[in-house]
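What follows is each chain in one-letter form.
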Amino acid sequence: QVQLVESGGGLVQAGDSLRLSCAASGSTFSMYGVGWFRQAPGKEREFVASIRWSGGTTYYADSVKGRFTISRDNAKNTVHLQMNSLKPEDTAVYYCAAKRTLIVTKDTKYDYWGQGTQVTVSS
């Protein structure tokens, strides 16, 4: 099993940047694929980005492509989501999720979830 804790959320203005972190504990994190998701009020949770165990392959939702970057540091059991050029429509609770698998895609179903961190972007 793995436990996930997100951090780095906050209140920013449109055009600003934030860096979210997902810290993992409890297992060999390098064996897990990781995804970031978000859920805005009144909306379903949606995929944002994912990264394979090696960090060599990443996937992004079209809505964040070119603005967000997912990365990982397996030595520190951490995955980051760098968010640039933030827009009000990026406002949501952001969750990281993990699955013990070598391959993750946009459609992967994850087994472990963090509690989420709030990101609010004002116009």
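Above: the structure in question.
A short tour of the structure in this document, coming up. Please read all numbers here as calculations on a predicted model, not as lab measurements.

1. So, the sheet that holds strand β3 (residues 18-25)
Paired through backbone hydrogen bonds, the strands of a sheet run either parallel or antiparallel to each other.
Thought 1: Taken together, 4 strands build an open sheet; the order of strands is β1-β3-β8-β7 and the sheet is antiparallel. Of all strands in the sheet, those with a lone pairing partner are β1 (3-7) and β7 (68-73), marking the two edges. Strand-to-strand twist of the sheet, defined as the mean angle between neighbouring strand axes without regard to direction, takes the value 15°.
Thought 2: Across 6 bridges, β3 lies against strand β8 (residues 78-83) in antiparallel orientation. From the neighbouring strand, A23 faces β8, where its bridge partner is T78.

2. Focus: the pairing of β3
Thought 1: Of the strand pairs in this sheet, β1 and β3 are connected by 5 bridges, and their pairing is antiparallel. Along β3, the bridge assignment pairs L4 with A24.

3. Quick word on the pattern of salt bridges
Thought 1: Considering all chains together, one arrives at 5 salt bridges under this definition.
Thought 2: Between K65 and D62 there is a salt bridge, and its shortest N-O distance comes to 3.2 Å.
Thought 3: On the accessibility criterion, K65 (48% relative accessible area) is partly exposed.
Thought 4: The salt bridge involving D90 is made with R67; its shortest N-O contact spans 2.8 Å. Residue D90 is located in the loop between β8 and β9 (92-100), and its partner R67 is located in the loop between β6 (58-60) and β7; the two are separated by 23 residues in the primary sequence. Assigned by exposure class, D90 and R67 land together as buried.
Thought 5: Ionic contacts of the salt-bridge type, sharing partners, join the residues R38, E46, R67 and D90 into one network.

4. Some remarks on unusual backbone geometry
Trans peptide bonds make up most of the peptide bonds, and negative phi angles are found at most residues other than glycine.
Thought 1: Positive phi is not limited to glycine here, since N77 has a value of about 55°.
Thought 2: Structurally, N77 is set in the loop between β7 and β8.
Thought 3: One non-glycine residue, S85, adopts positive backbone phi at about 50°.
Thought 4: With respect to the element layout, S85 can be found in the loop between β8 and β9.
Thought 5: Residue classification places S85 among the partly exposed positions, given a relative accessible area of 41%.

5. Things to note about the environment of D111
Thought 1: For D111, the position within the fold is in the loop between β9 and β10 (112-113).
Thought 2: The sequence separation of D111 and K99 amounts to 12 residues, and the corresponding C-alpha distance is 5.3 Å.
Thought 3: Once you skip the residues sitting within four places of it in the chain, D111 turns out to touch A98 and K99.

6. Remarks on the nonpolar core
One broad trend across soluble globular proteins is that nonpolar side chains are buried collectively.
Thought 1: Of all hydrophobic cores here, the largest spans 35 residues; its most connected members are W36, L81, M83 and Y94.
Thought 2: If you list the elements that add at least two residues to this core, you get β3, β4 (32-39), β5 (46-51), β7, β8, β9 and β11 (117-122).
Thought 3: Broken down by element, this core gets its largest block of residues, 5 residues, from β9.
Thought 4: Not counting chain neighbours up to four residues away, the residues in contact with Y94 comprise E6, L20, W36, F37, R38, V48, F68, L81, M83, G116, T117 and V119.

Rules behind the numbers
- Residues numbered from 1 in each chain as written.
- Predicted model: local features only at pLDDT ≥ 70, side-chain atom pairs only at ≥ 80, totals over all residues.
- Heavy atoms only, no water.
- Pairing = 2+ DSSP bridges.
- Helix = DSSP H or I, 4+ residues; strand = E, 2+ residues; numbered from the N terminus.
- Axes fitted to C-alpha atoms, helices over the stretch in contact; angles between N-to-C directions.
- Salt bridge = Lys/Arg side-chain N within 4 Å of Asp/Glu carboxyl O.
- Buried < 20%, exposed > 50% of the residue type's maximum accessible area, 1.4 Å probe, protein only.
- Contact = heavy atoms within 4.5 Å.
- Core = buried A, V, L, I, M, F, W, Y, C linked by side-chain atoms within 4.5 Å.

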